[in-house]
Amino acid sequence: MTDSLWPKLRLKADTEENLIEAYRQVYLDTYVYDEQGNRRVFTDWTGASIIFAAGAFDHAFSKAKNYRLGTCVHDGGFDHERARRILWIAEVLAASAGTIHRYTQSKKDSRGRDRKRRTYVVVDESYVVVLDDPRKPDKPFTFVTAIAANPSYVQTEIKQKAFLVEVKKGG
């Protein structure tokens, strides 16, 4: 087995609850707020601005059985493997390594509304980062989720349903 492009974060805690809170704090400190408590704004390699909401943590790092088509409840618990890749999101946005495909797609949200999405697929890792496009041109993209996807998901849910906009070689 080959090494990953980026290291995985492995936090430890006395309880599952404390572990989740430790990962939540990493998410908040890395993506949501700076040291002075101001909202962070990221920029990807295309120059697009991206914000991360504090509440996105629960969706992005939990398991759910058919979240979009079910009851929209995170019923599968905390996803340790997703959380270990928490720092990968910034690496993908910066295109720091690997080959990244950037897709655009329109999808129905859980309320049946059309949402335009920007999806980054790290080919080398089958790692996917999803952003919602802003509804207004002067607003930033919004982080939705990041997952390690199996190749069949990438093929059927992204490559066949989205439009490939760009291929970026990281590094």
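Reading the values: rules and limits
All residue numbers refer to positions counted from 1 along the written sequence of the respective chain. Only residues with pLDDT of at least 70 get local features here, since the model is predicted, and only at 80 or more are side-chain atom pairs given and counted; chain-wide, interface and lining totals rely on the full set of residues. Hydrogens and waters are ignored; side-chain quantities use all the structure's heavy atoms. The helix count covers DSSP runs of H or I at least four residues long, the strand count covers runs of E at least two residues long, and both are numbered beginning at the N terminus. The size measure is the radius of gyration over C-alpha atoms, and the globule rule it meets is 2.2 Å times the number of residues to the 0.38 power. Only protein chains enter the area calculation, which uses a 1.4 Å probe; residues under 20% of their type maximum are buried, those over 50% are exposed, and those in between are partly exposed. The contact definition used throughout considers only heavy atoms, calling two residues in contact when any of these lie within 4.5 Å. The Shrake-Rupley method, run with a 1.4 Å probe sphere, supplies the accessible areas, and residue values consider only the shown protein chains as cover. When DSSP finds two or more bridges between a pair of strands, those strands are recorded as paired. To qualify as a nonpolar core, a set must consist of buried Ala, Val, Leu, Ile, Met, Phe, Trp, Tyr and Cys residues joined through side-chain atoms within 4.5 Å. The rule for a salt bridge is simple: a side-chain nitrogen of Lys or Arg has to be within 4 Å of a carboxyl oxygen of Asp or Glu.

1. So, the overall build of the chain
Helix and strand counts for the chain come out as 5 helices and 7 strands. The helix and strand sequence of the chain, counted from the amino end, reads α-β-β-α-α-α-β-β-β-β-α-β. Relative to the globule expectation of 16 Å for 171 residues, the C-alpha radius of gyration of the chain, 16 Å, shows essentially globular dimensions. With respect to the three principal axes, the spread of C-alpha positions in the chain is 45 × 40 × 40 Å. Split into buried and exposed, the 171 residues of the chain put 40% on the buried side. Contacts spanning at least 24 positions in sequence make up 52% of the contacts within the chain whose residues lie at least 6 apart. When the accessible surface of the chain is split by element, carbon and sulfur atoms take 49% of a total near 9700 Å².

2. Looking at the pairing of strand β3 (residues 99-108)
For β3, a buried count of 7 out of 10 residues is recorded, marking the element as mostly surrounded by other parts of the structure. In this sheet, strand β7 (residues 163-169) lies alongside β3 in antiparallel orientation, the contact comprising 6 bridges. Considered in β7, the bridge of I100 is made with K168. For β3 and strand β4 (residues 114-122), the ladder comprises 9 bridges, and the chain directions are antiparallel.

3. Focus: the sheet that holds β7
In space, the 7 strands of this open sheet follow the order β1-β2-β6-β5-β4-β3-β7, with mixed pairing throughout. Strand pairing shows two members of the sheet lacking a second neighbour, β1 (42-43) and β7, which therefore form its edges.

4. Side note on the nonpolar core
Counting residues in hydrophobic clusters, the biggest one holds 37 residues, and the most contacted among them are Y27, F52, F61, I89, Y120, V129 and F143. At the level of secondary structure, the elements contributing two or more residues to this core comprise α1 (16-32), α2 (56-60), α4 (88-94), β4, β5 (127-132) and β6 (141-148). Not counting the four nearest positions on each side in its chain, Y120 is found in contact with D44, W45, I50, V92, L93, I100, H101, R102, Y127, V128, V129 and L131. One finds V121, V128, V144 and V154 within the second-largest nonpolar core, a separate group that totals 10 residues.

5. What to know about the environment of A90
Counting through the fold element by element, A90 comes out in helix α4. Residues A90 and D44, 46 residues apart in the sequence, show an inter-C-alpha distance of 8.6 Å. Apart from residues no more than four positions distant in its own chain, A90 is found in contact with Y31 and F42.

6. Looking at the pattern of salt bridges
Evaluated as defined, the whole model comprises 13 salt bridges. In this structure, R24 engages E21 in a salt bridge whose closest nitrogen and oxygen atoms are separated by 3.2 Å. Of this pair, R24 and E21 both sit in helix α1, 3 residues apart, roughly one helical turn. According to the relative accessible area criterion, E21 is partly exposed, its value standing at 41%. One salt bridge connects R85 with E81, and the closest N-O pair in it is separated by 3.2 Å. One network of salt bridges, with partners in common, ties together K8, E81, R84 and R85.

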